[in-house]
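Given next are the chains, with one letter for each unit.
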Amino acid sequence: MAAHFVALRYRLLLGTLRRSPWAIVGLVVSLLGGLSLLALTAVGAIALRALAPELGGPAAVLVGAGLVVGLTALSVLMGTSDPLAAERFSLLPLRPRQLRGGLLAAELLDVWGIVPVLAFATLLIVWSTSPAALITAIVALPIAVATVLLIARVSADLLARQLASKRARDAMAILLLVGVIGFTVAMQGVAMAVLAVGDLGGVVASTAAVVAWTPLGAAFALPLAVADGAWLEAAAKLAIALATVAIAWWGWGRLLGERLTNPIVLRGGGRVREGHVLDRLLPATPVGAIAARSIRYRRRDVRHLMNVIAVLMLPAVLGGLQLVSDEMPREPLAFVPLLMALVAGSIVQIDTAYDASAFAWHLLAGVRGAQDRAGRLLGIGGVYVPAIVLTAVLGTWAAGRWELLPASIAVGLGTFGVLSGVLLWLSAYLPGEAPQPGANPLGRGSSGGVQSLAGVAIAFPALAIVGGPFVGLAIAAVWIPWLAWPSLAAALLIGALVGWLGIRFGGAAVDRRGPELLAQVSRAV
């Protein structure tokens, strides 16, 4: 039975790869990224083994527990879009125990399931300082893998019914995004505090000692207890690890049985209310209508809303480390709008992909390509341009250099204009990927896919060439303040010119290949 589920998993993967050449490229890039992370893990384990062997054990416990938490969060978010969800087998004569074993095998032998197994295997390098610890780590490896897979699956199935509502899924995605960003800022403060204390080893050891007694870290702490000769402690942690696997195995079977007999049905969102304020502010033209729709979607569509939240919280993440450290210079805070504009401008490329099949209305209504491009730029700019200007004001205030305000606005608006113009044209050929409307906002395609990567690889060198004058003047303004004003003038001129060229040439490309573009964005992700 397990072989059937594994074969089904790979057949689904092959079907996706056959439909789109970009899916093959995406798989290759993802695998290379996973291999890079594995290589970094191995290098880190070797470094700990050679330079600080006393920290290797506690660090391995924390890394293992962190992988459990990360993969569990990922499984919860992806659970509603799992192609092997239990509901898909509800009409077949399958018992929960048959389904449970097959799904676990498919999860373990999946392309992405092999990566954590190899990551845990690289941690064996840390335990090679002691033969007893190494043997224990090898024996405990299956328990650790089972812990990760079962906790992730149980958590996903336990929350699947609550996440059946689109509103709940959207709220969960937003909370996770805010939580990750908040965690990043908090970790910056913790790292600075640890560096101030100067006892990194003590902090790691004490944290690992607590995590080792939890279901998240018990399986990873067995070799550490054996290496210390604490056999009673090792037996207790082994009991915790085995109990965690047993309870998770039993609980998952109960949850699968419930989903087989009472399938979960995904539900949509609530009623969309009309809005009239934007209709009065924007012109009654196709450009104004598209811009108004784009601005509304930034609030109503969680896929767009998460982009807005990420861009708005970016200054907090980047500026957090600067503010908690008294030794770092404050001038870089004035240039945070540059990085903010890089992220906001990159969203322009995949804006059409978010429309999916609804893009057909633009073609059926006879909207010109230039009107489509201009409306999208006006809508996206109407949200992000004020945010960039506000960030420039706050950044120069935090830096204590008000004379850099024109330069700060210049690098933000100029970068946004140049990047948006290039990507308005490029998105007619490489629109990227996006989760389908109503789907998991953090599912496949949420990062734009390989086409988005290709677009960034093309647009950033163009930005470096075209935007070099105003960026160079803005940086020089740190030492020669009056150069901030020529930088602002150059940024507004170059940004507006490149934006206009993007509308013109991008619109002409949309007019030529509108049906092909519709086919690209309508393809299921």
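These numbers were taken from a predicted model, which means no experiment stands behind them. (Residues numbered from 1 in each chain as written. Predicted model: local features only at pLDDT ≥ 70, side-chain atom pairs only at ≥ 80, totals over all residues. Heavy atoms only, no water.)

Visitor: Help me understand the packing of helix α17 (residues 369-399) against helix α18 (residues 405-426) in this model?
Guide: If you want to describe how two helices pack, look at the angle between their axes and the distance between the axes. Across the interface, α17 lies against α18 with an axial gap of 9 Å and an inter-helix angle of 160°. Taken together, α17 and α18 sit at an angle that is classed as roughly antiparallel. You can see that α17 and α18 cross each other, and the crossing is right-handed. Between α17, through Arg373, Leu377, Ile380, Gly381, Tyr384, Val385, Ile388, Val389, Ala392, Val393 and Thr396, and α18, the contact on the second element is made entirely by Leu405, Ser408, Ile409, Gly412, Leu413, Phe416, Ser420 and Leu424. Its residues assigned to classes, the contact of α17 with α18 shows 13 nonpolar, five polar and one charged. (Axes fitted to C-alpha atoms, helices over the stretch in contact; angles between N-to-C directions. Helix = DSSP H or I, 4+ residues; strand = E, 2+ residues; numbered from the N terminus. Parallel < 35°, antiparallel > 145°, perpendicular 65-115°, else oblique. Left-handed = near helix turned anticlockwise from the far one by under 90°. Contact = heavy atoms within 4.5 Å. Nonpolar A, V, L, I, M, F, W, Y, C, P; charged D, E, K, R; others polar.)

Visitor: Sorry if this is basic, but what is going on with a nonpolar patch on the surface here?
Guide: Among the surface-exposed residues, Trp425, Tyr429, Leu497, Trp500, Leu501 and Phe505 lie close enough to one another that they form a single nonpolar patch of about 590 Å² accessible area. Considering every element that reaches the nonpolar patch, the biggest residue donor is helix α21 (residues 484-512), with four residues. In this fold, Trp500 is placed in helix α21. (Patch = residues over 30% accessible without salt bridge, like charges linked within 9 Å, V, L, I, M, F, W, Y side chains within 5 Å. Areas by Shrake-Rupley, 256 points an atom, 1.4 Å probe, with all protein chains shown as cover. Salt bridge = Lys/Arg side-chain N within 4 Å of Asp/Glu carboxyl O.)

Visitor: Looking at this structure, I do not really get the nonpolar core. What am I missing?
Guide: Nonpolar side chains tend to gather and get buried jointly when the protein is soluble and globular. In terms of nonpolar packing, the biggest core is built from 35 residues, with Val311, Met340, Tyr384, Phe416, Val418, Leu423 and Phe470 touching the most fellow members. Within the residue set of this core, elements represented by two or more residues are α13 (302-324), α14 (336-346), α17, α18, α19 (449-466) and α21. Core analysis: the next-biggest nonpolar cluster, separate from the first, contains 34 residues, Phe89, Leu124, Ile151 and Leu256 among them. (Core = buried A, V, L, I, M, F, W, Y, C linked by side-chain atoms within 4.5 Å. Buried < 20%, exposed > 50% of the residue type's maximum accessible area, 1.4 Å probe, protein only.)

Visitor: When you look at unusual backbone geometry in this model, what are you seeing that I'm missing?
Guide: Most peptide bonds are trans, and most residues other than glycine sit at a negative phi. Of note in this structure, Ala356 is not a glycine but carries a positive phi near 55°. By the secondary structure assignment, Ala356 is in the loop between α15 (351-355) and α16 (360-364). The buried category is assigned to Ala356, whose relative accessible area is 3%.

Visitor: Got a minute to help me understand the packing of helix α4 (residues 96-108) against helix α6 (residues 131-160) in this structure?
Guide: The geometry of α4 relative to α6 is characterised by a closest axis approach of 11 Å and an angle of 115° between their N-to-C directions. When the axes of α4 and α6 are compared, the crossing they make is right-handed. Of the residues in α6, those in contact with Leu104, Glu107 and Leu108 of α4 are Val145, Leu149, Leu150 and Arg153. Of the residues in the contact of α4 with α6, the class split is five nonpolar, no polar and two charged.

Visitor: Please clarify how the pattern of salt bridges should be interpreted in this entry.
Guide: Proximity of charged atoms lets side chains of opposite charge pair with each other. What the rule picks out here adds up to eleven salt bridges. The salt bridge partner of Asp372 is Arg376, with a shortest N-O separation of 3.1 Å. Residue Asp372 and its partner Arg376 are both found in helix α17; the two are separated by four residues, about one turn of the helix. Arg376 carries the same exposure label as Asp372, and that label is buried. Arg401 is paired through a salt bridge with Glu403; the nearest N and O atoms lie 2.3 Å apart.

Visitor: Looking at this structure, how should I read the packing of aromatic side chains?
Guide: Each aromatic ring pair is specified by the distance between its two centres and by the angle formed by the two planes. On inspection of all chains with the given rule, the structure shows three aromatic pairs. An angle of 70° between the planes, with centres 6.5 Å apart, marks the rings of Trp249 and Trp252 as edge-to-face. Taken as a pair, Trp249 and Trp252 lie in helix α10 (residues 231-261) at a separation of three residues, close to a single helical turn. When its relative accessible area of 30% is taken as the criterion, Trp249 is described as partly exposed. Over the face of the ring belonging to Trp213 we find Lys237, whose NZ or CZ atom lies 5.0 Å from the ring centre. Across the ring face of Phe505, the terminal group of Arg504 is positioned such that the distance to the ring centre comes to 5.7 Å. (Phe/Tyr/Trp six-rings, centres within 6.5 Å; stacked < 30°, edge-to-face > 60°. Lys NZ or Arg CZ within 6 Å of the ring centre and 35° of its normal.)

Visitor: Looking at this model, I keep getting lost on α14. Mind explaining?
Guide: For α14, the buried fraction is high: eight of the eleven residues fall into the buried class. All of the buried residues in α14 are Val336, Pro337, Met340, Ala341, Leu342, Ala344, Gly345 and Ser346.

Visitor: What exactly am I supposed to notice about helix α22 (residues 514-522) here?
Guide: Owing to its 3.6 residues per turn, the α-helix aligns residues three or four sequence positions apart on the same side. Of all the positions in α22, only Gly514, Leu517, Gln520 and Val521 are classed as buried. Take α22 and look down its axis: the buried residues cluster within an arc of 120°, on one side only. (Arc of directions from axis to C-beta.)

Visitor: Would you mind showing me how to read the environment of Ala474 here?
Guide: Along the polypeptide, Ala474 turns up in helix α20 (residues 468-476). Overall, the relative accessible area of 0% leaves Ala474 in the buried class.

Visitor: What am I meant to see in the environment of Val76 here?
Guide: In this structure, Val76 sits in helix α3 (residues 53-78). Of the residues examined, Val76 reaches a relative accessible area of 9% and is grouped as buried. A sequence separation of 76 residues divides Val76 from Ala152, and the C-alpha atoms of the two residues are 7.3 Å apart.

Visitor: Explanation requested: the side chain of Arg298 in the structure shown.
Guide: Here Arg298 lies in helix α12 (residues 286-300). Looking at Arg298, its side chain comes within polar contact range of the main-chain oxygen of Ser294, at 3.2 Å. Separated by 3.0 Å, the side chains of Arg298 and Asp351 make a polar contact. For Arg298, the residues in contact, after removing those within four places along its chain, are His304, Leu305, Val308, Asp351, Ile380, Val383 and Tyr384. (Polar contact = N/O pair within 3.5 Å; in protein donor to acceptor, adjacent residues only side chain to side chain.)

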